[in-house]
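# Coordinate analysis (summary)
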Amino acid sequence: MQRRFSLIALCVVAWTVASCATGKEPSPSFTPPTAIAPSSSSAGAATTAPLGQPVLTPVIGSVLAPPTPVAATDGKLHLAYELVLTNTLPQQVTLTSLAALAGDKTLLSLSGDGLAYWTRPLGQPTPSTKLGPAQTALVWLDVAVEKASTVPSDITHTIGLTVTQPQPPLVPVTITETIAPTKVNATKPVIISPPLSGASWLNSDGCCGMSAHRMAVNPLNGQLWAAERYAIDFVQLTSDGRLFIGDKTKPESYPYFGADIRAVADGPVVAVVNNLPEQVPGTNPTGLPLDQYSGNHIVQDIGGGNFALYAHLKLGSVRVKVGDKLTTGQTIASLGNTGNTSAPPDPLRSNGLPFVFNTFRLDSRVASGDALNRLADTGGPVGLQPGFAGGDESDAMPLDLDVMTYLEK
């Protein structure tokens, strides 16, 4: 099912330059296992030689951008990144397994439906592990480790695959390859203040699963960019767990419409748009040019090569201008429904960087992606995970489906 939150009016991201997005991808109903053992190879499988020695690898691959570990509300450190795989053969291949390794330690292992869940051939919204001749696919990975001391400095990957037209000895029926080595970025995530105040703010499209933001990898200027890797869409639930009350097509039916947006850090404003109309909630806009995808928005330089984008702001609500020096917690605009509210942000090249909020309370978590889809359709009340143990959080990244309280400022 597809999430259709059209009144998601704010995305806060940290990235190297302002970013771009496309529309939402359908969310598969399959729930991914945390780890699945790779498929065993059949007789005649080719085992890849150590890196540096010539060896035939019919599927070539690379990491879109080196991962940066970030502490999240599940108590783990997440390394979210993407593999780009290309089938160089003139025949179809099927991916059977994928593992992320640090030396001889397996960090993540996927196969079968678990691998398909995270894999999309370019241009196709449907999960698939089949790559046609000369076809490229993306595999979204979320490597989670328990503590900082176990974060690797390097990761490599093994993939298992089968071919339909073997040509032994060079191309046997089953092949295991070692590909796509990457360094792990040692940079610490930027620490920012939450952009909102009050209770029951829901992260409806965040890291680190297969949310629309996570899957928004865009071809810009001849290169793929994952600008929204860590972007968050915020909506606020009522005290009884509802999203809207009354006509879902009217912004005023959403109680949080017009809520104050606050600066997440100190730093100057580098871009402002404040003249785009509100969109109709409940539907995805069509026909928008790239420069209107983020709607009315503010881009703020928060230092260290990081920029924050506040997107989908209410028409005419922006209170700042380019060059203004913002202070943390300063009210800068109101939450609205402008632009492509199913997927921000600004149409420039970037790769999203992780960020953490300095302090907030984790109250609950929505039961599932399907429960979130139903919330968008019916207005709620939303189903929450039973027995969920929340608590105060500091220097942590909210995960998709988290429901939080941010202190009044």
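Residues numbered from 1 in each chain as written. Predicted model: local features only at pLDDT ≥ 70, side-chain atom pairs only at ≥ 80, totals over all residues. Heavy atoms only, no water.

### Points about the overall build of the protein chain
- Secondary structure assignment for the protein chain yields three helices and 28 strands.
- Excluding contacts between residues fewer than 6 apart, the proportion of contacts in the protein chain whose partners are at least 24 apart in sequence is 78%.
- About 16000 Å² of surface is accessible on the protein chain, with carbon and sulfur atoms providing 54% of the total. (Helix = DSSP H or I, 4+ residues; strand = E, 2+ residues; numbered from the N terminus. Contact = heavy atoms within 4.5 Å. Areas by Shrake-Rupley, 256 points an atom, 1.4 Å probe, with all protein chains shown as cover.)

### Digging into the side chain of serine 128
- Within the fold, serine 128 resides in the loop between strand 9 (119-121) and strand 10 (130-131).
- Contacts of serine 128, omitting those with residues within four sequence positions, involve Ala116, Thr119, Arg120 and Pro121.

### A look at the pattern of salt bridges
- Throughout the structure, instances matching the rule amount to 11 salt bridges.
- Among the ionic pairs, glutamate 82 bridges to arginine 229, the shortest N-O distance being 2.8 Å. Taken together, the residues glutamate 82 in strand 6 (residues 77-87) and arginine 229 in the loop between strand 17 (223-225) and strand 18 (232-236) connect sequence positions 147 residues apart. With respect to class, glutamate 82 is no different from arginine 229; both count as buried.
- A salt bridge links arginine 319 to aspartate 260; its shortest N-O distance comes to 3.7 Å. Of this pair, arginine 319 sits in the loop between strand 22 (306-313) and strand 23 (325-326) while aspartate 260 sits in strand 19 (residues 260-262), and the two are 59 residues apart along the sequence.
- For arginine 319, a relative accessible area of 52% corresponds to the exposed category. (Salt bridge = Lys/Arg side-chain N within 4 Å of Asp/Glu carboxyl O. Buried < 20%, exposed > 50% of the residue type's maximum accessible area, 1.4 Å probe, protein only.)

### A few points about the state of the cysteines
- Applying the stated rule across the entire model yields one disulfide.
- One disulfide bridge connects cysteine 207 with cysteine 208, the sulfur atoms lying 2.2 Å from each other. Judged by the torsion about the S-S bond (95°), the cysteine 207/cysteine 208 disulfide is right-handed.
- A relative accessible area of 5% means that cysteine 208 is categorised as buried. (Disulfide = S-S within 2.5 Å.)

### A word on the pairing of strand 28 (residues 402-406)
- The element strand 28 is largely enclosed, with a buried count of four among its five residues.
- Relative to strand 28, strand 15 (residues 198-203) runs antiparallel, the two sharing three bridges. Across the sheet, glycine 198 pairs through a bridge with tyrosine 406, a residue of strand 28.
- One ladder, built from four bridges, connects strand 26 (residues 355-365) with strand 28; its direction is antiparallel. In the sheet register, serine 364 faces strand 28, and the bridge partner there is valine 403. (Pairing = 2+ DSSP bridges.)

### A word on helix 3 (residues 369-378)
- All of the buried residues along helix 3 are Ala371, Leu372, Asn373, Leu375 and Ala376.
- In the core, the buried residues of helix 3 are packed alongside strand 15.

### Quick look at the confidence of the model for the protein chain
- In this model, the protein chain carries an average pLDDT of 85, and 84% of its residues clear a pLDDT of 70 or more.
- This stretch, residues 1-44, has a pLDDT under 50; its non-local contacts, to residues over four places away or in other chains, come to 194 contacts.
- Every residue in residues 342-348 is under pLDDT 50, and counting partners more than four places away or in other chains gives 41 contacts. (pLDDT = per-residue confidence, 0-100.)

### Things to note about the pairing of strand 12 (residues 154-163)
- Here strand 12 lies mainly inside the structure; eight of its 10 residues are buried.
- Here strand 7 (residues 93-102) pairs with strand 12 via eight bridges, running antiparallel. Within strand 12, the position partnered with leucine 101 by the bridge is threonine 156.
- Examined bridge by bridge, strand 12 and strand 13 (residues 174-183) share eight bridges and lie antiparallel to one another. Bridge assignment links leucine 161 to a residue of strand 13, and that residue is isoleucine 175.

### Brief notes about the packing of aromatic side chains
- Counted by the stated rule, this structure contains 10 aromatic pairs.
- Aromatic side chains tryptophan 201 and tyrosine 256 sit 5.9 Å apart centroid to centroid with 75° between the ring planes, which places their arrangement in the edge-to-face category. Linking tryptophan 201 in strand 15 with tyrosine 256 in the loop between strand 18 and strand 19, this pair joins segments that are 55 residues apart in sequence.
- Ring centres 6.1 Å apart and planes at 85° place the aromatic pair phenylalanine 234 and tyrosine 406 in the edge-to-face group. In this pair, phenylalanine 234 is assigned in strand 18 and tyrosine 406 in strand 28, connecting sequence segments 172 residues apart.
- Among the residues examined, phenylalanine 234 registers a relative accessible area of 0% and is labelled buried. (Phe/Tyr/Trp six-rings, centres within 6.5 Å; stacked < 30°, edge-to-face > 60°.)

### A look at the nonpolar core
- In this structure, Ile298, Tyr310, Ile332 and Met397 are the most contacted members of the largest nonpolar core, which totals 53 residues.
- It is strand 26 that provides the largest number of residues to this core, a total of five residues. (Core = buried A, V, L, I, M, F, W, Y, C linked by side-chain atoms within 4.5 Å.)

### Section: unusual backbone geometry
- For the bond running from cysteine 207 to cysteine 208, omega is 15°, close enough to zero to count as cis.
- For the peptide bond that leads from glycine 380 to proline 381, omega is 10°, which places it in the cis range.
- Considering the arrangement of structural elements, one finds proline 381 in the loop between helix 3 and strand 27 (391-396).
- For serine 200, which is not glycine, the phi torsion reads 65° and is therefore positive.
- Along the chain, serine 200 falls in strand 15.
- Notably, histidine 312 is not glycine yet its phi reads approximately 65°, a positive angle.
- Inspection of the secondary structure assignment puts histidine 312 in strand 22.

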